Amino acid sequence: MTLPRLIRNDRGVTMPLFALMAFAIVTLTMSGLDFLRFHMVRARVQAAIDAATLAIGRRLDTETLQADAEMFFWANVSSDYMSAEISPPVVKVQGTPLTGQTITMDVSVDFPLMATAALDVKVWSFGLHTKAVRKTTNVELVLAMDNTGSMADDGKLAAMKSAATTLIDTLI
């Protein structure tokens, strides 16, 4: 059989053509599923990190900030959501509430891929970041304090003054 005649012969091309198209269809379908799963993981983790940042921004106690951030974050997303490996959030606080306090939170995610696993690209790693700024300005505080004779017993007046000072130091 000569080469021109072999090129014109179209018998027996159905199986190779089907195999090529099936591979393309399966790869595109898996890529679409990876894309969908990636956006679902990214949206869920971003919502969790945003919620945790806002929740700890309302707290006045900075000693337990990292533990509180993790508690709020893990309440909104699991560490293996859709088979992704999600790291604990890292919290950084800069400044003071009076001058403006910036709270940042970072999370890294290792997302397993289905479509490119055959190409030895099995994980897509990405990070998410959020930032919140809180500032205390123009706080008006009114305290109604009892200074009658009944407060003079057992150091009640001194305890009340100490509690008022602690309240003002905490709020302002």
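Keep in mind that what you see is a predicted model, and the values were worked out from it rather than measured.

Thresholds, definitions, all that
In this convention, every chain numbers its residues from 1, walking through the sequence in written order. Local features are withheld for residues below a pLDDT of 70 in this predicted model, meaning they are given only at 70 or higher, and side-chain atom pairs are given and counted only at 80 or more; totals for whole chains, interfaces and linings count all residues. Each side-chain value is derived from all of the structure's non-hydrogen atoms; neither hydrogens nor water enter the calculation. Strands are runs of DSSP state E lasting at least two residues, helices are runs of H or I lasting at least four, and both sets are numbered from the N terminus onward. Accessibility here uses a 1.4 Å probe with only protein chains present; expressed as a share of the type maximum, an area under 20% marks a residue as buried, one over 50% as exposed, and anything in between as partly exposed. Every residue pair with non-hydrogen atoms within 4.5 Å of one another is taken to be in contact. With residues, only the protein chains shown are counted as cover, and all accessible areas are computed by Shrake-Rupley using a 1.4 Å probe. Aromatic contacts are taken between Phe, Tyr and Trp rings whose centres are within 6.5 Å, Trp giving its six-membered ring; a plane angle under 30 degrees counts as stacked, one over 60 as edge-to-face, and the others as tilted. Here a polar contact is taken to be a pair of N or O atoms separated by no more than 3.5 Å, where protein atoms must pair a possible hydrogen donor with a possible acceptor and residues adjacent in sequence count only if both atoms sit in side chains. Among buried residues, the Ala, Val, Leu, Ile, Met, Phe, Trp, Tyr and Cys ones that are joined through side-chain atoms within 4.5 Å form a nonpolar core. Known as pLDDT, the predictor's confidence for each residue is given on a scale from 0 to 100.

A. Representation of the overall build of the chain in the model. For the chain, the helix and strand inventory stands at four helices and four strands. Here the C-alpha coordinates of the chain stretch approximately 120 × 30 × 20 Å along the principal axes. The buried share among the 172 residues of the chain stands at 24%. Here the analysis covers contacts within the chain between residues at least 6 apart in sequence; of these, 56% occur between residues at least 24 apart. Only carbon and sulfur atoms are counted for the fraction: they give 61% of the accessible area of the chain, which is about 12,000 Å².

B. Representation of the packing of aromatic side chains in the model. One pass over the full model with this rule turns up four aromatic pairs. Geometrically, the ring pair formed by Phe-38 and Trp-124 is stacked, given 4.4 Å between the ring centres and 15° between the ring planes. With Phe-38 in helix α2 (residues 14-57) and Trp-124 in strand β4 (residues 123-134), the pair connects residues that are 86 residues apart, well separated along the chain. Take Phe-38: its relative accessible area is 9%, and that puts it in the buried class. Overall, Trp-124 belongs to the partly exposed group, its relative accessible area being 41%. Taking 5.1 Å as the distance between ring centres and 75° as the angle between the ring planes, the aromatic pair formed by Phe-38 and Phe-126 counts as edge-to-face. Highlighted residues: Phe-38 in helix α2 and Phe-126 in strand β4, separated in sequence by 88 residues. By relative accessible area, Phe-126 is classed as buried at 13%.

C. Highlighting unusual backbone geometry. Even without being a glycine, Met-82 presents a positive backbone phi close to 50°. Residue position: Met-82 is located in the loop between α3 (65-76) and β1 (85-86). Accessibility expressed as a relative area gives 27% for Met-82, which makes it partly exposed. Phi is positive for Asp-154, which is not a glycine, with a value near 55°. Structurally, Asp-154 is set in the loop between β4 and α4 (156-171).

D. Structural context of the side chain of Thr-130. Position of Thr-130 relative to the elements: it lies in strand β4. Residue classification places Thr-130 among the buried residues on the basis of a relative accessible area of 10%. A polar contact of 2.8 Å, which involves the side chain of Thr-130, links it to the side chain of Asp-50.

E. Structural detail: the nonpolar core. Ranked by internal contacts, the top residues of the largest apolar core, which has 23 residues, are Val-41, Val-45, Phe-73, Ile-86 and Val-109. For this core, the element with the most residues is α2, which contributes seven residues. Non-local contacts of Phe-73, meaning those with residues more than four positions away in its chain, are made with Val-45, Ala-48, Ile-49, Ala-52, Ile-86, Ser-87, Pro-89 and Val-107.

F. Summary view of the environment of Met-151. Its location among the elements puts Met-151 in the loop between β4 and α4. Once you skip the residues sitting within four places of it in the chain, Met-151 turns out to touch Asp-146, Lys-156, Leu-157 and Met-160.

G. Broad picture of the environment of Leu-171. Residue position: Leu-171 is located in helix α4. Overall, the relative accessible area of 34% leaves Leu-171 in the partly exposed class. Through-space distance from the C-alpha of Leu-171 to that of Val-139 is 8.3 Å; in sequence the pair is 32 residues apart.

H. A look at the confidence of the model for the chain. Mean pLDDT over the chain works out to 87, with 94% of the residues at or above the 70 mark. No element of the chain has a lower mean pLDDT than helix α1 (residues 3-8), at 73, and none a higher one than β1, at 96.

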